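The lines below spell out each chain.
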Amino acid sequence: MVDNKKTTELVDPFGRAVDYLRVSVTDRCDLRCVYCMSENMTFLPRKDLLSLEELDRVCSVFVEKGVRRLRLTGGEPLVRRGLMNFIKDISRHLRSGDLDEITITTNGTQLSRFASQLADYGVKRINLSLDTRDPQKFHDVTRWGELAKVMAGIDAARKAGLAIKVNMVALKGFNDGEIIDTMKWCHDLGMDLTMIETMPLGEIDGDRNEQYLPLSDVRNMLRKEFTLKDIAYKTAGPARYVEVEETGGKIGFITPMSHSFCESCNRVRLTCTGTLYLCLGKDDAADLRAPLRASADNDLVSRVIDEAIARKPKGHDFMIGRDDSTPAVNRHMSLTGG
Ligand code: SAM
Ligand code: SF4
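Residues numbered from 1 in each chain as written. Chains lettered and ligands numbered in written order. Predicted model: local features only at pLDDT ≥ 70, side-chain atom pairs only at ≥ 80, totals over all residues. Heavy atoms only, no water.

A. Here's a closer look at the pairing of strand 9 (residues 250-254). Within strand 9, 5 of the 5 residues are buried, leaving the element largely enclosed by the surrounding structure. In strand 9, alternate side chains face the same way, and those of Lys 250, Gly 252 and Ile 254 on one face and Ile 251 and Phe 253 on the other are all buried. The sheet contact formed by strand 6 (residues 192-196) and strand 9 spans 4 bridges and is parallel. Residue pairing for strand 9: Thr 194 is matched across the bridge by Gly 252. Across 4 bridges, strand 8 (residues 240-244) lies against strand 9 in antiparallel orientation. When the sheet's bridge partners are listed, Tyr 241 is paired in strand 9 with Gly 252. Connecting the antiparallel pair strand 8 and strand 9 is a turn made up of 5 residues, with Gly 248 showing a positive phi of about 80 degrees. (Buried < 20%, exposed > 50% of the residue type's maximum accessible area, 1.4 Å probe, protein only. Helix = DSSP H or I, 4+ residues; strand = E, 2+ residues; numbered from the N terminus. Pairing = 2+ DSSP bridges.)

Right, here's the structure in full:
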């Protein structure tokens, strides 16, 4: 069979083909997860945000250059007004075959409302963040969230036929006791589970050193009860997956802290203000908003993207030290997008 797919023209100095764009469509969120945001966040003025038209333009330039996967994230992407129209419009690249997938990372609170539209517009998979299934603990970790809303969202997404991958941030002394139960629950419902190590991004109110649970500990805990088989399965993201023989499901590990995942990095991240970050853990960035606003055609922004990719760093240098809780970079995950 002849493969007519365009290959990306975005290749960085280390030979890594960049075919994955993560877009934070808003820095706002209806929750305040303790490891992600401080309680009193100051959000960006609306005029600083890319309009939905600008987002469409810039994403389309990336698609023209060979990006094949688009992930919408935030903040909470589903709180951005008009997002469904944006997805409906941008899905033309799915129909033309220039884009393989549009996915979304969500906290699930708004899914009851939007799941069927997402499916209608060509979204097939979502990542859903859920750190605990205990209503009180959920309320505590999100500072005010209602677990029931998320559970209703999961139901709606399953009914709409969306594949769900659950993301769970491993938090020492908070949810380590629930990991096995949550894994079984996910696998029973046909959902994969991905564990994430906390990363030092942005000032928060607590001490990250106290929250940090290395996933090597989680693996060891799982190995006592389950047979974990290494598998070749890869998504576009940085997780390494194993199959759990007893459940038949998969569990992934994202270990930015204990192992570098940079060598196979295929992605860049665009913030809601149009700043292109070349690495989650580095400050080097390119402003795409000014070139977008400076010229109605896309040549300028296209050139700025090329120049930026030529500067993509080899990797990050996150470190959570014993007595150092300063973040590696000052921007919150909600700005750059998870
Ligand atoms: N609001 C959406 C959600 O929660 O899924 C999307 C944005 S959120 C920033 C994306 C992912 O980043 C979530 O799975 C969240 O748990 C994770 N996250 C946020 N801050 C983090 C941190 N400091 N370290 C590791 N993961 C983090
Ligand atoms: Fe909001 Fe997601 Fe950050 Fe939680 S992790 S505060 S849901 S952006």
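What follows picks up the thread again.
B. Spotlight on unusual backbone geometry. One non-glycine residue, Arg 143, adopts positive backbone phi at about 75 degrees. Mapped onto the fold, Arg 143 is located in the loop between helix 5 (135-142) and helix 6 (147-159). Under the relative-accessibility criterion, Arg 143 is labelled buried at 17%.

C. Structural context of the site of ligand 1. In the neighbourhood of ligand 1, 19 residues make up the surrounding shell, with Tyr 35, Gly 75, Glu 76, Ser 129 and Met 199 lying closest. Note that a nitrogen atom of ligand 1 is positioned 3.2 Å from one of the side-chain N or O atoms of Glu 76. Across the complex, the protein chains shield 96% of the 540 Å² of accessible surface that ligand 1 would expose by itself. Secondary-structure elements contributing two or more residues to the shell around ligand 1 are strand 3 (101-106) and strand 5 (163-169). Across the shell around ligand 1, the residue classes break down as 6 nonpolar, 10 polar and 3 charged. (Near = heavy atom within 4 Å. Polar contact = N/O pair within 3.5 Å; in protein donor to acceptor, adjacent residues only side chain to side chain. Areas by Shrake-Rupley, 256 points an atom, 1.4 Å probe, with all protein chains shown as cover. Nonpolar A, V, L, I, M, F, W, Y, C, P; charged D, E, K, R; others polar.)

D. Summary view of the packing of helix 7 (residues 179-188) against helix 9 (residues 215-225). Orientation of helix 7 relative to helix 9, taken along the N-to-C sense of each, is 70 degrees, at an axis distance of 11 Å. By the angle class used here, helix 7 and helix 9 are roughly perpendicular. Relative to helix 9, the crossing made by helix 7 is right-handed. When helix 7 is examined against helix 9, the residues Ile 179, Ile 180 and Met 183 are found in contact with a partner set consisting of Val 218, Met 221, Leu 222 and Glu 225. Here the residues of the contact of helix 7 with helix 9 are counted per class, giving 6 nonpolar, no polar and 1 charged. (Axes fitted to C-alpha atoms, helices over the stretch in contact; angles between N-to-C directions. Parallel < 35°, antiparallel > 145°, perpendicular 65-115°, else oblique. Left-handed = near helix turned anticlockwise from the far one by under 90°. Contact = heavy atoms within 4.5 Å.)

E. Spatial organisation of the environment of Thr 247. Looking at the element boundaries, Thr 247 is found in the loop between strand 8 and strand 9. A C-alpha to C-alpha distance of 9.9 Å links Thr 247 and Gly 190, two positions 57 residues apart in sequence. Once you skip the residues sitting within four places of it in the chain, Thr 247 turns out to touch His 187 and Phe 226. A distance of 2.7 Å separates polar atoms of two side chains, one belonging to Thr 247 and the other to His 187. Engagement of the side chain of Thr 247 in a polar contact is seen with the backbone nitrogen of Gly 249, the distance being 3.1 Å.

F. Broad picture of the sheet that holds strand 9. With mixed pairing, 12 strands are arranged side by side in an open sheet as 7-8-9-6-5-4-3-2-1-10-11-12. One side of each edge strand has no neighbouring strand; the edge strands of this open sheet are strand 7 (228-230) and strand 12 (285-287). Averaged over neighbouring strand pairs, the angle between their axes works out to 25 degrees when direction is ignored. As judged from the 2 bridges shared by strand 10 (residues 267-270) and strand 11 (residues 275-277), these two strands associate in the antiparallel manner. Paired with Leu 270 across the bridge in strand 11 is Leu 276. Of the strands in this sheet, strand 6, strand 7, strand 8 and strand 9 touch helix 9, which is tilted by about 155 degrees from strand 9.

G. Expanded view of the packing of helix 1 (residues 52-64) against helix 2 (residues 83-90). It is at 10 Å that the axes of helix 1 and helix 2 come closest, and there the two elements cross at 30 degrees. In terms of axis orientation, helix 1 runs roughly parallel to helix 2. The two elements helix 1 and helix 2 cross, and the hand of that crossing is right-handed. Where helix 1 approaches helix 2, its residues Leu 52, Leu 55, Asp 56, Cys 59 and Ser 60 are matched on the opposing element by Leu 83, Phe 86, Asp 89 and Ile 90. Residues of the contact of helix 1 with helix 2, tallied by class, amount to 6 nonpolar, 1 polar and 2 charged.

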